[in-house]
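These are the residues of each chain, in order.
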Amino acid sequence: MHLSLVIPCFNESDSIEQMREQLNAIRSELARRGPFELVLVDDGSTDDTYERLKSAFADWEQVQIVRHERNRGLGAALRTGFAHARGEVIVVTDSDGTYPFTTIPDMLDMLTPDVDIVTSSAYHPQGGVEGVPAYRLLFSQGASLIYRTLVNRHIHTYTAMYRAYRRRVVEAVPPTLEGYVVMAEILVNALLAGYRVAEYPAVLHVRKFGQSKAKIWRITRSHLRFQAHILWRRLMGLFRATSVTPGKAGRL
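Residues numbered from 1 in each chain as written. Predicted model: local features only at pLDDT ≥ 70, side-chain atom pairs only at ≥ 80, totals over all residues. Heavy atoms only, no water.

Draft legend 1. A look at the environment of G97. Mapped onto the secondary structure, G97 falls in the loop between β4 (89–92) and α4 (104–109). For G97, a relative accessible area of 15% translates into the label buried. With 126 residues separating them along the chain, G97 and H223 place their C-alpha atoms 24 Å apart. (Helix = DSSP H or I, 4+ residues; strand = E, 2+ residues; numbered from the N terminus. Buried < 20%, exposed > 50% of the residue type's maximum accessible area, 1.4 Å probe, protein only.)

Encoded structure:
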């Protein structure tokens, strides 16, 4: 299996039809590139998401629909998706189509041999945002700005879910956190481990179907805690690098 598409879903009944239409539009293009599979994770939906997923993708040969008995959050959904994915390349994307599924081939084109991760980037100079409320952008852009300061200023967006990974990356730096901050955790740990990241300038669209599950203040607190952890790691690394072993100071 060359490619796995991993899509977490939670109460996405209203968005499944547009998901199916967009994925069917690129199905032949993905098949032309090699074997691929679709891994759908229903994270304990309380609506008819699971039934509609089964119906919408009944004609796909390589599809797995995995169901959590209760909602466990994005971190758990990603871990489940990664555990079931068999591809050497794993694309993760939002189920609501805020980043069009039809751009997946363009993202894959950027995963050249010298790149380990391609991440969508609405905040890249060539990216953009359409219709997203200003208050949500304030928190998201602010979080990415802090990560740029702490980790790598050349990466503009740290919070996007829409990415393409080589399998070795998610095996080396598996997600451990819960909630939406898990996306920043994966990218930050990959960068600190030396993996090479390219940004795909993307346009982030406002959700057209269903309701957002994001709780802004809860997400913000999670990012602040993780950023404090990164700062601590950075300071400890600097301390170890500048420490002098007792008894050897006279030789310097």
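Draft legend 2. Highlighting the nonpolar core. Judged by nonpolar contacts, the single largest core of 37 residues is most densely connected at L23, F57 and I104. Elements that contribute at least two residues to this core include exactly β1 (3–9), α1 (16–33), β2 (36–43), α2 (49–56), β4, α4 and β8 (197–201). Looking at which element gives the most residues to this core, the answer is α1, with five residues. Setting aside chain neighbours within four positions, we find L23 in contact with L5, I7, L38, F57, W60, F101 and I104. V39, V182, M183 and L187 belong to the second-largest nonpolar core, a separate cluster that totals 34 residues. (Core = buried A, V, L, I, M, F, W, Y, C linked by side-chain atoms within 4.5 Å. Contact = heavy atoms within 4.5 Å.)

Remember, this is a structural readout, not a statement about activity or role.
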